[in-house]
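Chains, contacts and geometry: an overview
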Amino acid sequence: MEEAMRANSKMRAEPGVESSPRGPGCSLRHFACEQNLLSRPDGSASFLQGVAEKSRERLIRNTCEAVVLGALHPRTSITVVLQVISDAGSLLACCLNAACMALVDAGVPMRALFCGVTCALDSEGTLVLDPTAKQEKEARAVLTFALDSVEQKLLMSTTKGLYSDAELQQCLAAAQAASQRVFRFYRESLQRRYSKS
Amino acid sequence: MAAGFKTVEPLEYYRRFLKENCRPDGRELGEFRTTTVNIGSISTADGSALVKLGNTTVICGIKAEFAAPPTDAPDKGYVVPNVDLPPLCSSRFRSGPPGEEAQVASQFIADVIENSQIIQKEDLCISPGKLSWVLYCDIICLDYDGNILDACTFALLAALKNVQLPEVTINEETALAEVNLNKKSYLNIRTHPVATSFAVFDDTLLIVDPTGEEEHLATGTLTVVMDEEGKLCCLHKPGGSGLTGAKLQDCMSRAVTRHKEVKKLMDEVIKSMKPK
């Protein structure tokens, strides 16, 4: 038990550090995830990634509705409560990741996992994945995608700013590549959790 | 006989049509409903437009008022959109505070205005730090039959093209604004964003301009807002079944042709209007 707690705290210490420069293109910031940390709800997860309301709720809800096998639970209400602890950019993507992990933790049957990835395009057209809050503000366009785990299809997208069709395809391809990394992290995180209990 | 089947198995009824690559109202999968626009019908508003997309009817009225510019941007004005879906347009809406769909539509229109830079907010400033215009854009749906976002975007664009603002001078002695109603000028509309909506069926088929029934049966929706240079202002896909990159490409090309159709229609109507 103590080992597990130490492992958790170790994961949490790192996210504050984001001064290391990231190369243009593919790197995502460090992740941390902790599950089952609340005793009352059926499932819960906190997702740390790196150190406009009804619209965002609807996006998250519709994404969850697309993957959750609702037909297996008739007359059931599944409430997903997301509490923002800190916002250092890419908030919507982080919310989507947390929602997915919480649904897995609760044991809700889903047809696929999903993850959120944010891309920012700056004024020169350079693509930055998982932008910080400062990068998001200075970017010409910020695109957030939700991708599924089976074929990396686009489940949800919301964008801000002006960009061309070619840039969209470029961002989508980069997001699909990055989503592989997120799904690998989900798998490792779950393996770690279930190997202990 | 067909009506009975439609009530009992609406999705199967629909699939029979989709197999023949057409829809119950006779349209092809990539065809829009008849679009009509009437500009300048409300004389009490500074700009107005009525758009009909098949049965979906949306009216946009714009009123310009004075306001103090925001403290963090003293040389900018405001554009405040509001989409209202009253109970008269469809039985699914109840009277009272705006429901979720109306709020999401308002947010969508606000995003389109912000992202496309359709109006330079600096153009709305009269006197930096003291006085600026605020444009209240009220979009009301009169009849809801699907594809509300396309109709609202078109109505907003047409109404903005119709807005005439009077000349305002600040009297230096009294520091009051003097409005010259005889001298009016049109707004400088920099881009023309046009929205194209699609509905996804059975995870594979994409149909353009869904009606109310089609939206209900669809497994997902996608709205693309494009301006005349082919730049995208908004790619709104609120969940629903997944799409591959190739399908997205098809949507983009359809959006480009739709933009041309809408622009042509709007230019014709504006040309045919008698000057006020």
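Cut-off values and rules
- Residues numbered from 1 in each chain as written.
- Chains lettered and ligands numbered in written order.
- Predicted model: local features only at pLDDT ≥ 70, side-chain atom pairs only at ≥ 80, totals over all residues.
- Heavy atoms only, no water.
- Phe/Tyr/Trp six-rings, centres within 6.5 Å; stacked < 30°, edge-to-face > 60°.
- Helix = DSSP H or I, 4+ residues; strand = E, 2+ residues; numbered from the N terminus.
- Buried < 20%, exposed > 50% of the residue type's maximum accessible area, 1.4 Å probe, protein only.
- Lys NZ or Arg CZ within 6 Å of the ring centre and 35° of its normal.
- Expected span 1.5 Å × (residues − 1).
- UniProt positions renumbered as here; feature names shortened; annotations may be inferred.
- 1 Å grid on protein atoms, 1.4 Å probe; cavity = no way out; pocket = protein on both sides within 12 Å on 5 of 7 lines; lining within 4 Å.
- Points joined across faces, edges and corners; volume = space filled by probe spheres on them.
- Nonpolar A, V, L, I, M, F, W, Y, C, P; charged D, E, K, R; others polar.

1. Let's talk about the packing of aromatic side chains
Residues and elements named next belong to chain B.
- In this structure the tally under the stated criterion is six aromatic pairs over all chains.
- A centroid spacing of 5.4 Å and a plane angle of 70 degrees characterise the contact between Phe-93 and Tyr-144, whose relative ring orientation is edge-to-face. On the criterion of sequence distance, the pair formed by Phe-93 in the loop between β4 (78–84) and α3 (100–116) and Tyr-144 in the loop between β6 (131–143) and α4 (148–162) is long-range, its members being 51 residues apart.
- Assessed through its relative accessible area of 7%, Tyr-144 is described here as buried.
- A network of ring pairs unites the aromatic residues Phe-5, Tyr-13 and Phe-17 as a single cluster.
- The aromatic ring of Phe-32 is capped on one face by Arg-258, whose charged end is 3.6 Å from the ring centroid.

2. Re helix α6 (residues 245–272) of chain B
- Its 28 residues place the ends of α6 of chain B 41 Å apart at the C-alpha level, agreeing with the 40 Å of an ideal helix rising 1.5 Å per residue.
- Of the positions making up α6 of chain B, those classed as buried are Leu-248, Cys-251, Met-252, Arg-254, Ala-255, Arg-258, His-259, Val-262, Met-266 and Val-269 of chain B.

3. Concerning the UniProt feature "domain: Exoribonuclease phosphorolytic" (unreviewed entry) in chain A
- Following the UniProt record, one finds the feature "domain: Exoribonuclease phosphorolytic" (unreviewed entry) at residues 54–109 and 113–177 of chain A.
- Here residues 113–177 of chain A is 29% helix and 45% strand, with 15 Å between the C-alpha atoms at its ends.

4. Topic: empty space enclosed by the protein
Residues and elements named next belong to chain B.
- The calculated volume of the largest cavity comes to roughly 60 Å³.
- Lining the largest cavity are Leu-53, Asp-150, Ala-151, Thr-153, Phe-154, Pro-193, Val-194, Ala-195, Arg-258 and Val-262.
- Breaking the lining of the largest cavity down by element, the ones donating at least two residues are α4, β9 (194–201) and α6.
- Residue contributions to the lining of the largest cavity peak at four residues, all from α4.
- Residue composition of the lining of the largest cavity, grouped by class: seven nonpolar, one polar and two charged.

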